[in-house]
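# Examining the three-dimensional arrangement
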Amino acid sequence: MSASSSIAELLGSPQVVVGFGATTLVLLATTFFYLKNNEGPNDGGSASTSSALEKVEELDSEKYPGGYLTIYYGSQTGTAQMFAKQIASESESRGFHTRVVDLQDVVDNEDQRSISDIATLDASHNNIDVVNDDDGALIRATLAHPHYREGNAMEGRSRAIFLVATYGEGEPTDNAQQFVEMMKSKSGIRDIYKLEDSPGLISVDSCIRMGVDEDGEEEKKNDSGSSLSNDIVLDRSFLRDLDFAVFGLGNKQYEHYNNMSRFMDASLAKCGASRIAPLGLGDDDDDLEGDFENWKDNVLWPALTEKFVKGGAADALAAARKDNDGLELPECPYEVEYLKDGASEKIDVDMIQTSSKHYVQAMDCPIVASRELRDPSDPGSTVHMEIDISKHMSSLKYQTADNLGILPKNDSALVELVAKSLGFDLDQLFHLIPGAEESATKHTLPFPTPCTVRDCLERYCDLTGSPRRSDLKQLAPYARDEMDRKALLRMSSKEGKSEYKEKIVEAHVGIGDIVTRLCPSIVCPLEHFIMVCPRLQPRYYTISSSSTVHPKTIHITYALLESEKKNGGKFTGLCSGHLSSLSKGEMVRVFVRDSTFRLPKQPERPIIMIGPGTGIAPMRAILQERSYERKSIGDAQGPNILYFGCKNRTSDYIYRDELEAFSDEGTITELHLAFSREQAEKVYVQHLLAQRGAETWKLIDDGKASIFVCGAVKMGADVDHTLQDIIVQHGGMSREKAKAYLGKLQTAGRFVQELWS
């Protein structure tokens, strides 16, 4: 009997095999192999399946009475990853054996043994139908891994904590994007912005699929229809053997506050997983770290302890924690190997953390132009900069109004002070090696090596940004002076939040200031400093050039961030200060990131652009593209309406000559200008938009216009509210339906906001 026919018998129908992907067929063949080759003459199957799985390492029940716990993170800047490591560092004292997993590793899983093991396990429970697609196999191979279960692999359950950040306007972080797409498919949640009422939910056996067209309209197709790529199928037993809890990292200034954590919590539950603890939400606009600590200490650990740590073990662990003064040096996940005679090893890209992949992707490119856009009478500075990408066209190819990531560098004088204080040799070349536990997994190293200590401090360590309270707590054991140690511990505590805010955040104090000036008794080996110091993050600028008109250069528009410190000194933003220090011909390290701005496929459709201040950047790029397009198709192009705002037309009306030229040639159909300081009552772009409510509604509803918004979060919220008012007044809808209408436009890519706080 052939393997394929035997698999078909397992499934109950030979025809079922036809629709499966290649990975799935391999899984099923492996499953059949395990079942047949481990089947004894009188076996019923369950014992043979158990013997087919690798033997699970038995944990010391006294040391780990709670068993295994896996912590998954979706992180853009490293904060969620840091929180994951905090939970992991406390887990042993709470009775749990933990592993920390990047969500990207779930979808990049190449461990065929784990995939086949979970397939074997599912088959033994007559549930092989739940692993009927490639994505499902990957997710279950990690989240329901039989080697990390409570009790035995056959009957036990997996436990998982998810720490998930929301990026931009309710979107997943880079390392969570693929996982989120998989969970959308498995959970049946089609619209991630409408979790409580998701019309895309349909049963597994239904042949009707629901999609959304580019106008934001729902459409139904049968199995032979053209919208199969939007299929949504709900599988309520997919994660039936998983216990979970979710904490979200968000910012209340944004409309879709903590959208990704809400989606993760809802999607896991819809797939049959059981919630251990209520969803926790952290607000970075207020006290993200405090929100996390409150959830971790008062919700998560009590729930885990009550459910999984039995008898007197919980009391014994609590007593041991009380005796610990917290001043032991933490275990370091890295080792530093200093290289002699300039010896170097090839960088293993797979070992770099997903949240640090930009360090590898970025390219050094020369600046070819830079000019001030504001009038000399204005005290501020806004700069137009052009960067030559001609030598890196394949890796830096961009689309109009994409984002440019810029990797800033710390000031060389500060780098030298830090190195002197900590006793580092800046010219020493070193290689970073993962510790024993980390060496078995991908994405464990924070940045590429070998590199010099100078490069490490200059390019990869955030020496100027305000460290979080948990960073101060990690630094404390390295302080030899008791007063320094007590000060760090005091400001890292919940009781010291006010002092921390005043002396660290408001004073713009970074780790560089702490080790060189405020707590000079700190002695920290290089590998430990790399562990404690936050990573230097890229800054993103929306590209202000058209890729059609300027394929070999990228233009950006940035404002120099400067403010007075309380001590009388001057604070300068790291990236804008770095850019302003560069001259023509000097190099800047950059990479391209997709944006959500995309021109409508039908050029006859209108575009409404709202971009005050430096929010004009993507609008300039779009206007360049539309101008080029207009010369090709002429009057067939739809209208382009621009709303721009600034303080005064004589001081900070940036790109004035270009905008007036676009108007004169007919590319800009309507140019609406809000000069907020030119009259007694301030006027902003949303006020001008409201004045043209009827015309705007007609453009949106009849003309199928796209709406593009770029600028500060507060402005974006005001524009959103104004659009709702217009829809209510001129579209005859309730406030709730107006919000839903905008939500559909957003899903279809017709309402796009790129905002910053």
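Just so we're clear, the structure is a prediction, and the values are computed from it rather than from any experiment. (Residues numbered from 1 in each chain as written. Predicted model: local features only at pLDDT ≥ 70, side-chain atom pairs only at ≥ 80, totals over all residues. Heavy atoms only, no water.)

Turning our eyes to something else, we now look at the overall build of the protein chain. Per the secondary structure count, the protein chain includes 26 helices and 25 strands. Across the 757 residues that make up the protein chain, the buried fraction comes to 52%. The contacts in the protein chain between residues at least 6 apart in sequence include a share of 76% that link residues at least 24 apart. In the structure as shown, the protein chain presents an accessible area of about 33700 Å², 48% of it carried by carbon and sulfur atoms. (Helix = DSSP H or I, 4+ residues; strand = E, 2+ residues; numbered from the N terminus. Buried < 20%, exposed > 50% of the residue type's maximum accessible area, 1.4 Å probe, protein only. Contact = heavy atoms within 4.5 Å. Areas by Shrake-Rupley, 256 points an atom, 1.4 Å probe, with all protein chains shown as cover.)

One can find Gly716 in helix 25 (residues 713-731). Take Gly716: its relative accessible area is 1%, and that puts it in the buried class. Along the backbone, Gly716 and Tyr254 are 462 residues apart, and their C-alpha atoms lie at a distance of 8.7 Å. With residues up to four places along the chain from it excluded, the contact list for Gly716 reads Gln753 and Leu755.

Our next topic: the pattern of salt bridges. Under the criterion given, the structure shown has 34 salt bridges. Salt-bridge contacts for Arg275 lead to Asp265; the nearest nitrogen and oxygen are separated by 2.9 Å. Within this pair, whereas Arg275 is found in strand 8 (residues 274-275), its partner Asp265 is found in helix 9 (residues 259-270), the two being separated by ten residues in sequence. Its salt-bridge partner being Asp378, residue Arg374 comes within 2.8 Å of it at the nearest N-O pair. Through salt bridges with shared partners, a single ionic network connects Glu90, Lys296, Asp297 and Lys494. (Salt bridge = Lys/Arg side-chain N within 4 Å of Asp/Glu carboxyl O.)

Turning next to the pairing of strand 22 (residues 640-646). Among the seven residues that make up strand 22, seven are buried, leaving the element largely enclosed by the rest of the structure. Burial along strand 22 is two-sided: Asn640, Leu642, Phe644 and Cys646 facing one way and Ile641, Tyr643 and Gly645 facing the other are all buried. Strand direction decides the pairing type here: strand 22 and strand 23 (residues 670-675), joined by six bridges, are parallel. Paired with Phe644 across the strands is Leu673, a residue of strand 23. Handedness of the crossover is the feature at issue here: the chain leaves strand 22, passes through helix 22 (residues 656-665), returns alongside strand 23, and the resulting connection is right-handed. (Pairing = 2+ DSSP bridges. Right-handed = clockwise from strand over helix to strand, strands pointing away.)

Closest axis-to-axis distance for the helix 21 (residues 616-633)/helix 22 pair is 11 Å, and the angle between their directions is 30°. Taken together, the axis directions place helix 21 and helix 22 in an arrangement best described as roughly parallel. In this structure, helix 21 meets helix 22 at a crossing whose hand is left-handed. Counting all contacts with helix 21, which are made through Ile616, Arg620, Leu623, Gln624, Ser627 and Arg630, the residues of helix 22 involved are Glu658, Leu659, Phe662 and Glu665. In terms of residue class, the contact of helix 21 with helix 22 is made up of four nonpolar, two polar and four charged. (Axes fitted to C-alpha atoms, helices over the stretch in contact; angles between N-to-C directions. Parallel < 35°, antiparallel > 145°, perpendicular 65-115°, else oblique. Left-handed = near helix turned anticlockwise from the far one by under 90°. Nonpolar A, V, L, I, M, F, W, Y, C, P; charged D, E, K, R; others polar.)

For the rest of this paragraph, the subject is the packing of helix 13 (residues 412-422) against helix 14 (residues 453-460). As a packed pair, helix 13 and helix 14 sit with axes 10 Å apart at the nearest point and diverge in direction by 125°. Relative to helix 14, the element helix 13 lies oblique. You can see that helix 13 and helix 14 cross each other, and the crossing is right-handed. Across the interface between the two elements, Ser412, Val415, Glu416, Val418 and Ala419 of helix 13 pack against Arg454, Leu457 and Glu458 of helix 14.

Judged by pairing direction, the sheet is antiparallel, and its three strands sit side by side in the order 10-14-15 without closing on themselves. On the outer flanks of this sheet lie strand 10 (334-338) and strand 15 (451-452), each paired with one strand and no other.

Bringing the nonpolar core into the picture now. Core analysis: the biggest nonpolar cluster contains 50 residues, and Phe430, Phe447, Leu457, Leu488, Ile514, Ile522 and Phe529 have the highest contact counts within it. Apart from residues no more than four positions distant in its own chain, Leu457 is found in contact with Asn410, Val415, Val418, Ala419, Phe424, Leu426, Leu463 and Phe529. Judged by nonpolar contacts, the second largest core, of 31 residues, contains Val180, Ile192, Leu242 and Ala273. (Core = buried A, V, L, I, M, F, W, Y, C linked by side-chain atoms within 4.5 Å.)

Given 3.6 residues per helical turn, the α-helix brings residues three or four places apart onto the same face. Those residues of helix 13 lying buried are Leu414, Val415, Val418, Ala419 and Leu422. One face of helix 13 carries all of its buried residues, which in axial projection span an arc of 135°. Of the surrounding elements, those touching the buried residues of helix 13 are helix 14, helix 18 (511-518) and helix 19 (526-532). For helix 13, the N-terminal capping position is held by Asp411, with its side-chain oxygen 3.1 Å away from the main-chain nitrogen of Ala413. (Arc of directions from axis to C-beta. Polar contact = N/O pair within 3.5 Å; in protein donor to acceptor, adjacent residues only side chain to side chain.)

A word on the side chain of Arg140. One can find Arg140 in helix 7 (residues 134-143). In terms of polar contacts, Arg140 uses its side chain to reach the backbone carbonyl oxygen of Phe238, at 2.7 Å.

Once that is clear, we can look at a nonpolar patch on the surface. Residues Ile347, Val349 and Val360 make up a contiguous nonpolar surface patch of roughly 210 Å² in combined accessible area. Its place among the elements puts Val349 in the loop between strand 10 and helix 12 (358-361). Residue Val349 is classed as partly exposed on the basis of its relative accessible area, which comes to 45%. (Patch = residues over 30% accessible without salt bridge, like charges linked within 9 Å, V, L, I, M, F, W, Y side chains within 5 Å.)

Here we come to the sheet that holds strand 11 (residues 363-372). Backbone-to-backbone hydrogen bonds join strands into a sheet, with any given pair of strands oriented parallel or antiparallel. An order of 16-13-20-11-12-17 is seen for the six strands of this open sheet, with the pairing classed as antiparallel. Both edges of this open sheet fall to strand 16 (539-542) and strand 17 (553-559), since each of them pairs with a single strand only. Looking at each pair of strands side by side, their axes are set apart by 40° on average, direction ignored. Here five bridges tie strand 13 (residues 403-407) to strand 20 (residues 587-593), and the two strands are oriented antiparallel to one another. Bridged to Asn403 within strand 20 is Arg593.

Our focus in this paragraph is the confidence of the model for the protein chain. On average, residues of the protein chain score 83 in pLDDT, and 80% of them reach the 70 mark or higher. For residues 1-55, every residue scores under 50 in pLDDT, and the model assigns this stretch 69 contacts once sequence neighbours within four places are set aside. Throughout residues 218-231 the model reports pLDDT below 50, and contacts reaching past four residues in sequence, or to other chains, amount to 28 contacts. (pLDDT = per-residue confidence, 0-100.)

Given the relative accessible area of 0%, Arg140 is considered buried. Between the C-alpha atoms of Arg140 and Phe238, which are 98 residues apart in sequence, the distance is 8.0 Å. A distance of 3.0 Å separates a polar atom in the side chain of Arg140 from a polar atom in the side chain of Asp241.

Our next topic: the packing of aromatic side chains. One pass over the structure, following the stated rule, counts 16 aromatic pairs. With centroids separated by 4.5 Å and ring planes inclined at 15°, the aromatic side chains of Phe447 and Tyr460 adopt a geometry described as stacked. Placement of Phe447 in the loop between strand 14 (429-434) and strand 15 and of Tyr460 in helix 14 is noted, with a sequence separation of 13 residues between them. Classification of Phe447 as buried rests on a relative accessible area of 0%. Here a set of aromatic residues connected by ring pairs shows up, and it is made of Phe83, Phe247, Phe292 and Trp295. Here the basic side chain of Arg159 rests over the ring of Phe308, its NZ or CZ set 3.8 Å away from the ring centre. (Phe/Tyr/Trp six-rings, centres within 6.5 Å; stacked < 30°, edge-to-face > 60°. Lys NZ or Arg CZ within 6 Å of the ring centre and 35° of its normal.)

This paragraph deals with helix 9. Across its twelve residues, helix 9 extends 16 Å between first and last C-alpha, which sits within 8% of the 16 Å expected from 1.5 Å per residue. Counted residue by residue, helix 9 has nine buried out of twelve residues, so it is predominantly covered. Here helix 9 has its buried residues at Asn259, Met260, Ser261, Phe263, Met264, Asp265, Ala266, Ser267 and Leu268. Gly272 occupies a position one or two residues after helix 9 and carries a positive phi of about 95°. (Expected span 1.5 Å × (residues − 1).)

The next subject is the side chain of Arg593. Position of Arg593 among the secondary structure elements: in strand 20. For Arg593, a relative accessible area of 11% puts it in the buried group. Discounting residues that sit within four places of it in the chain, Arg593 has contacts with Gln76, Tyr167, Asp174, Asp402, Asn403 and Tyr540.

On to the pairing of strand 12 (residues 382-388), then. Of all the seven residues making up strand 12, six are buried; the element is thus mostly covered by neighbouring parts of the structure. The pairing of strand 11 with strand 12 spans five bridges and is antiparallel. Each bridged residue has a counterpart across the sheet, and for Ile367 the counterpart in strand 12 is Ile387. The pairing of strand 12 with strand 17 spans seven bridges and is antiparallel. Counterpart to His384 in the pairing with strand 17 is Thr557.

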